[in-house]
Amino acid sequence: MIKLYDTGAYLLNGTEVFPDTEEGRHALQERGIRTGRQEAEKGTLAYGILQAHNTSGDAENLKIRFDKMTSHDITFVGIIQTARASGLTEFPVPYVLTNCHNSLCAVGGTINEDDHMFGLSCAKKYGGVYVPPHQAVIHQYARECLAECGAMILGSDSHTRYGALGTMAIGEGGGELAKQLLKKTYDVKRPKVILVYMTGSPAKGVGPQDVALAIIGATFKNGYVKNCVMEFAGPGVAGLSSDFRIGVDVMTTETTCLSSIWTTDEETRKWYETHYRPEAYKEMTPADVAYYDGVVEVDLSGVKPMIALPFHPSNVFTIEELSSNLEDILHETEVQGRKQLTGDVEFKLTDKIRDGRLYVEQGIIAGCAGGGFENICDAADILKGHYIGNDEFTLDVYPASVPIMMELVENGRAATLLKTGAILKTAFCGPCFGAGDTPANGALSIRHSTRNFPNREGSKIQNGQIASVALMDARSIAATAVNRGYLTPATELDVEYTGPTYHFDRSIYENRVYDGYGKAKPETELHFGPNIKDWPAMPALADNLLLKVASVITDPVTTTDELIPSGETSSFRSNPIGLAEFTLSRKDPEYVGRAKAFQALEKARENGEHPCHVYPDIRNVMSVIREKFPETNHENTGFGTTIYAVKPGDGSAREQAASCQKVLGGWANVAKEYATKRYRSNLINWGMLPFLMEEDFAFDNDDYIFIPDILNAVKEKREEIKAYVVNKDMHCLTFRLGDLTDDERTIIEKGCLINYYKG
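Quick caveat: nothing in here was measured; it's all calculated off a predicted structure.

Participant: Could you give an account of the pairing of strand E13 (residues 259–262), naming the residues involved and the relevant values?
Facilitator: Side-chain alternation along E13 places Ser259 and Ile261 on one buried face and Ser260 and Trp262 on a second face that is also buried. Pairing of strand E12 (residues 229–233) with E13, which is carried by four bridges, proceeds in the parallel orientation. Residue Met230 lies in a different strand from E13, and its bridge partner there is Ser260. Regarding topology, helix H9 (residues 242–249) serves as the crossover connection from E12 to the parallel E13, and that connection is right-handed.

Here is the structure:
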């Protein structure tokens, strides 16, 4: 089904793969191919697109300018506030502000709709595009109206992926979008490119989520595509519809790759013609000889219906395998899940076994992954003539845009679904991040959405509530609904899939979306609600740094959801200080108190006071430090906190996972490695030191880490930085910062991106 190559490989004429081995190179030479690796690397689609957008003149160290950008209502307020504080006057590229996350204007009173009105006023003032709530989820609107072959799009959502439409898209934290708004660049070393070579055809009943989960299961844990570009090609691509390709593509984020791109063909042309944008299409194929740094070989005909059990999209099994070993697999999932959870909560799945089968209480087909036209039509075909029953099981379907909903109404599939007892809902991302359809305590939900991290279904572990999500394809969710909640792969049902033609009604957006690109109105007054707050002032990096460890996380991977929870907390995303109160609240509820207590030292120092007056314990710590570094004092030493985590930052692009730490006085993270580039970039843009540490050391909360001469270490690009655990006999550690651009070093020196632009 999935095979990973141990070496790089050459792709010949887009159809044949030759491993970069002596045997493979010899076979190429016998075919008369003399192209060397260095030249063949330039033959990938990714190389050509990246270089076309690179402004550095250096093919290895890229400075990218994007063609378009997009954000949703959890992120655009903070991004625009950052850019405003740094001198924003007009959006320099088309910038789409969608309102698909904080769409439910209930929790917190007026604050969600206040954010929406702020977005509309910004679109008018700076010349942007504003998509009102419930019109479209961010990525569906981008597919329908922004994507174009050969373009690059930057989004402040991690699932910014439009590679199936020939667009290289990257999801990043808000700081990177603020840079683009200020006409700066996205700086990155040329990424490796991994070929996803597809052969065969999917079996009847197998959908895009099945293929995606199979790929994620094969690549996430071993980091095979981490921070790489996944390039999809091979004879199997041609047999896939655009909707199917999109469904696979959007889930590439869960492999931790940087971006994705696919070959384009007549199927892609048809997509653009259907959406009245034929000019956006061009044929894109790799060069006759292209070199890839690795290969993920996917035999589509071997893919079976899949399920990703809690609490990660990589925890995958075939439904057949799960059903055959139900108790053992569920028990092991319970064991692993309990290690990840904190608090007094019982996580059980084995109680879902009824008469030897897995019973689930909820099914959801939603968002940028599940809410596509073909997914819903196929689900309707499966459900036609059946009923979901009147017991615990429920089924909700969220079309990804109003145009999709409109077509489902006009072609009758909406009626088909409603007759079964399913509920049709508006375009909303809530089921993907814990702000909609929260099931009962102890329940299991199967969802065609993007993630199944803890609390992504809306439960609150800190309140003793626990539900969980398993990811599946819409077709198998529908098959399970036919059997009223008993897990069923779609391949077990004999269904005639009708495959109706999609008709896109562009008048829906023409009549409702505000398009102000190129028509900025500087005189417009911005609409500020009482919850929209400016970023607090942040200090510059001092000569020395004393860090207090405020949280120690020893899990193999830490998600951004654990660093700053999703769900109802998103209502505070326009209030940096208010949101910071939720930092690590579900992972380490004591973190905020520890961080704020130590932050008082730095605030006292900035006000010219002696830190000992507000934190007497620091006197002994400073005395120990001065025995080895006598020039150290509170005037040349900054005070802040750090967290230690083995591998932080998997998941969302949300910058708040870093900015909330900084708002509470955070100055660094210490880690073995960072799960994603975007989280590390978020730390840097908020002036935090992304320390790496090879040595094993048992940190404890309230350890003190002294880093002498840190300011010069950053400026002078020292590869090794000595740090001392003060309260443990001045134990010396070696930290590294990894690759940093000159601009990134200056951002850290200044204390954050806002300070950097202020000069």
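There's more to say after this.
Participant: Break down the layout of surface pockets for me, with residues and values.
Facilitator: Of the pockets and cavities examined, the largest pocket occupies roughly 850 Å³. Taken together, 28 residues form the lining of the largest pocket, with Val188, Lys189, Lys677, Arg680 and Asp739 sitting closest to its centre. Listing elements by their share of the lining of the largest pocket, those giving two or more residues are strand E4 (61–64), strand E10 (186–189) and helix H25 (677–685). When the residues that make up the lining of the largest pocket are grouped by side-chain class, the tally is nine nonpolar, seven polar and 12 charged. The computed volume of the second largest pocket comes to approximately 590 Å³. As for the second largest pocket, its lining consists of 22 residues, and the residues nearest its centre are Lys221, His312, Gln336, Gln340 and Pro556. Residue contributions to the lining of the second largest pocket peak at seven residues, all from helix H12 (residues 326–340).

Participant: Can you break down the pattern of salt bridges residue by residue, with the values?
Facilitator: As enumerated under the stated definition, the model contains 42 salt bridges in all. Residue Arg354 is joined to Glu392 by a salt bridge in which the shortest nitrogen-to-oxygen separation is 3.0 Å. Here Arg354, found in strand E18 (residues 353–354), pairs with Glu392, found in the loop between helix H14 (373–383) and strand E21 (394–397); they are 38 residues apart in sequence, far enough to count as distant. Judged by relative accessible area, which is 39%, Glu392 ranks as partly exposed. If you follow the salt bridges from partner to partner, you end up with Arg37, Glu41, Glu60, Arg190 and Asp293 in one network.

Participant: Which residues make up the side chain of Lys125, and what are the values?
Facilitator: Here Lys125 lies in helix H5 (residues 111–126). Lacking a salt bridge, the buried Lys125 has Glu525 as its closest oppositely charged neighbour, with an N-O distance of 6.2 Å. A distance of 2.6 Å separates a polar side-chain atom of Lys125 from the backbone oxygen of Pro522.

Participant: For the packing of H14 against helix H16 (residues 413–420), give the residues involved together with the corresponding values.
Facilitator: Two numbers describe how H14 lies on H16: the axes approach to 9 Å, and their chain directions differ by 50°. The pairing of H14 with H16 is recorded here as oblique in orientation. Crossing geometry of H14 relative to H16 is assigned as left-handed. Taken together, the residues of H16 that come into contact with H14 (itself represented by Ile376, Cys377, Ala380, Asp381 and Leu383) are Arg413, Thr416, Leu417 and Thr420. Across the contact of H14 with H16, the residue classes break down as five nonpolar, two polar and two charged.

Participant: Explain the sheet that holds strand E3 (residues 16–19) to me, using residue names and the numbers behind them.
Facilitator: If you trace the three strands from one edge of the open sheet to the other, you get E3-E2-E14, paired in antiparallel fashion. Two strands in the sheet have a free side with no partner beyond their single neighbour: E3 and strand E14 (289–292). In this sheet, neighbouring strand axes are inclined to one another by 25° on average, regardless of whether the strands run parallel or antiparallel. When strand E2 (residues 9–12) meets E3, the two strands line up antiparallel, connected through four bridges. Within the sheet, the bridge partner assigned to Leu12 lies in E3 and is Glu16.

Participant: Explain the packing of aromatic side chains to me, and be specific about the residues and the numbers.
Facilitator: Enumeration according to the criterion identifies 23 aromatic pairs in this entry. Taking the centre distance of 4.9 Å and the plane angle of 65° together, the rings of Phe697 and Phe699 count as edge-to-face. Each of the two residues, Phe697 as well as Phe699, counts as buried. Taking 5.1 Å as the distance between ring centres and 65° as the angle between the ring planes, the aromatic pair formed by Tyr756 and Tyr757 counts as edge-to-face. Exposure remark for Tyr756: the relative accessible area of 21% places this residue in the partly exposed category. Through a chain of ring-to-ring contacts, the aromatic side chains of Tyr141, Tyr276, Phe504 and Tyr509 assemble into a single cluster. Its end group placed over the ring of Trp667, Lys662 keeps NZ or CZ at 4.3 Å from the ring centre.

What counts and what doesn't
Residues numbered from 1 in each chain as written. Predicted model: local features only at pLDDT ≥ 70, side-chain atom pairs only at ≥ 80, totals over all residues. Heavy atoms only, no water. Buried < 20%, exposed > 50% of the residue type's maximum accessible area, 1.4 Å probe, protein only. Helix = DSSP H or I, 4+ residues; strand = E, 2+ residues; numbered from the N terminus. Pairing = 2+ DSSP bridges. Right-handed = clockwise from strand over helix to strand, strands pointing away. 1 Å grid on protein atoms, 1.4 Å probe; cavity = no way out; pocket = protein on both sides within 12 Å on 5 of 7 lines; lining within 4 Å. Points joined across faces, edges and corners; volume = space filled by probe spheres on them. Nonpolar A, V, L, I, M, F, W, Y, C, P; charged D, E, K, R; others polar. Salt bridge = Lys/Arg side-chain N within 4 Å of Asp/Glu carboxyl O. Lys, Arg positive; Asp, Glu negative; His and termini not counted. Polar contact = N/O pair within 3.5 Å; in protein donor to acceptor, adjacent residues only side chain to side chain. Axes fitted to C-alpha atoms, helices over the stretch in contact; angles between N-to-C directions. Parallel < 35°, antiparallel > 145°, perpendicular 65-115°, else oblique. Left-handed = near helix turned anticlockwise from the far one by under 90°. Contact = heavy atoms within 4.5 Å. Phe/Tyr/Trp six-rings, centres within 6.5 Å; stacked < 30°, edge-to-face > 60°. Lys NZ or Arg CZ within 6 Å of the ring centre and 35° of its normal.

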